[in-house]
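The chain contents come next:
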Amino acid sequence: MFLKVLGLPVHVLVVHAVVVFVPLLALLSAAYVALPRFRSRLDWAVGVLAVIAPVTAWVAVQSGERLTDHQVARGFQGEILDKIYEHSRYGDLLFRYTLPLGIGALLLVALTSGHPRVPRLPNWAVPALSVVVIALGAASVVYVYLTGHSGADAVWGNTF
């Protein structure tokens, strides 16, 4: 399921979604925190991206593992395999930051929605969650860069 689609590796297709959706989630979450008067306009986008970004990161990790297994079976070894494993470690960390970012962003939207069914929390809860969301967003963007750079280096490092 995660190896090919239309004859192309799923991984090289889905990573483009990760590169777009994860930084966009981080950016819009930061805007949601920093610009409270625009929250009613941003809440739907933050909510949608909070689901899509972690899903695309997860699919990228799964498809990357399948692609790695396929390349190892084809005989890849040595330096290129070390680069692939480094890329894989960064991708795992990217997912591990993006998933809590998505959960935190959804919680932030829910807690600031003003909906009567949302329980009243202490006054420090929303600011604390805001700091966590900003930090997770920053970490996610850093790992998008590190993962993308290490992947591009593994593919193009010796050929261009």
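What you see is a predicted model, and the numbers here were worked out from it, not measured in a lab.

Chemist: Give a detailed account of the overall build of the protein, specifying residues and quantitative values.
Modeler: When helices and strands are counted, the protein shows four helices and two strands. Its helices and strands taken in sequence order, the protein reads β-β-α-α-α-α from the N to the C terminus. Along the three orthogonal principal directions, the C-alpha set of the protein runs to about 60 × 25 × 25 Å. Per-residue burial for the protein yields a buried fraction of 37% across its 160 residues. A fraction of 77% describes how many contacts in the protein between residues 6 or more apart in sequence connect residues 24 or more apart. Total accessible area on the protein stands at roughly 9,800 Å², and carbon and sulfur atoms take up 68% of it. For the protein, the separation between the mean place of its 11 positive charges and that of its 8 negative charges on side chains is 15 Å.

Chemist: So what's going on with the side chain of His87? Residues and values would help.
Modeler: Note on placement: His87 falls in helix α3 (residues 79-111). A polar contact of 2.8 Å, which involves the side chain of His87, links it to the backbone oxygen of Thr147. Leaving out residues up to four positions away in the same chain, His87 has contacts with His11, Thr147, Ser150 and Gly151.

Chemist: I'd like a rundown of the nonpolar core, residues and numbers included.
Modeler: One finds Leu25 and Val46 to be the most contacted residues of the largest nonpolar core, which totals 28 residues. No other element matches helix α1 (residues 10-34), which puts nine residues into this core. Excluding its chain neighbours within four sequence positions, the residues that come into contact with Val46 are Leu25, Leu28, Ser29, Tyr32, Ala105 and Val109.

Chemist: I'd like a description of the packing of aromatic side chains, backed by residues and values.
Modeler: Centre-to-centre distance and the angle between the planes together describe a pair of aromatic rings. Here the structure, examined in full by the defined rule, presents two aromatic pairs. When the ring of Tyr90 is compared with that of Tyr143, the centres are 6.1 Å apart and the planes differ by 50°; the resulting orientation is tilted. In this pair, Tyr90 sits in helix α3 while Tyr143 sits in helix α4 (residues 125-156), placing the two residues 53 residues apart along the sequence. On the accessibility criterion, Tyr90 (22% relative accessible area) is partly exposed. Residue classification places Tyr143 among the buried positions, given a relative accessible area of 18%. Through a chain of ring-to-ring contacts, the aromatic side chains of Tyr90, Tyr97 and Tyr143 assemble into a single cluster. Of note, Arg39 hangs over the ring of Tyr32, and the distance from its end group to the ring centre comes to 5.1 Å.

Chemist: Break down the packing of helix α2 (residues 39-73) against α3 for me, with residues and values.
Modeler: Running from N to C, α2 and α3 cross one another at 160°; their axes reach a closest spacing of 9 Å. Classified by the angle between their axes, α2 and α3 sit roughly antiparallel to one another. For the pair α2 and α3, the sense of crossing is left-handed. A class-by-class count of the residues in the contact of α2 with α3 yields 17 nonpolar, five polar and three charged.

Cut-offs applied
- Residues numbered from 1 in each chain as written.
- Predicted model: local features only at pLDDT ≥ 70, side-chain atom pairs only at ≥ 80, totals over all residues.
- Heavy atoms only, no water.
- Helix = DSSP H or I, 4+ residues; strand = E, 2+ residues; numbered from the N terminus.
- Buried < 20%, exposed > 50% of the residue type's maximum accessible area, 1.4 Å probe, protein only.
- Contact = heavy atoms within 4.5 Å.
- Areas by Shrake-Rupley, 256 points an atom, 1.4 Å probe, with all protein chains shown as cover.
- Lys, Arg positive; Asp, Glu negative; His and termini not counted.
- Charge placed at Lys NZ, Arg CZ, Asp CG, Glu CD.
- Polar contact = N/O pair within 3.5 Å; in protein donor to acceptor, adjacent residues only side chain to side chain.
- Core = buried A, V, L, I, M, F, W, Y, C linked by side-chain atoms within 4.5 Å.
- Phe/Tyr/Trp six-rings, centres within 6.5 Å; stacked < 30°, edge-to-face > 60°.
- Lys NZ or Arg CZ within 6 Å of the ring centre and 35° of its normal.
- Axes fitted to C-alpha atoms, helices over the stretch in contact; angles between N-to-C directions.
- Parallel < 35°, antiparallel > 145°, perpendicular 65-115°, else oblique.
- Left-handed = near helix turned anticlockwise from the far one by under 90°.
- Nonpolar A, V, L, I, M, F, W, Y, C, P; charged D, E, K, R; others polar.

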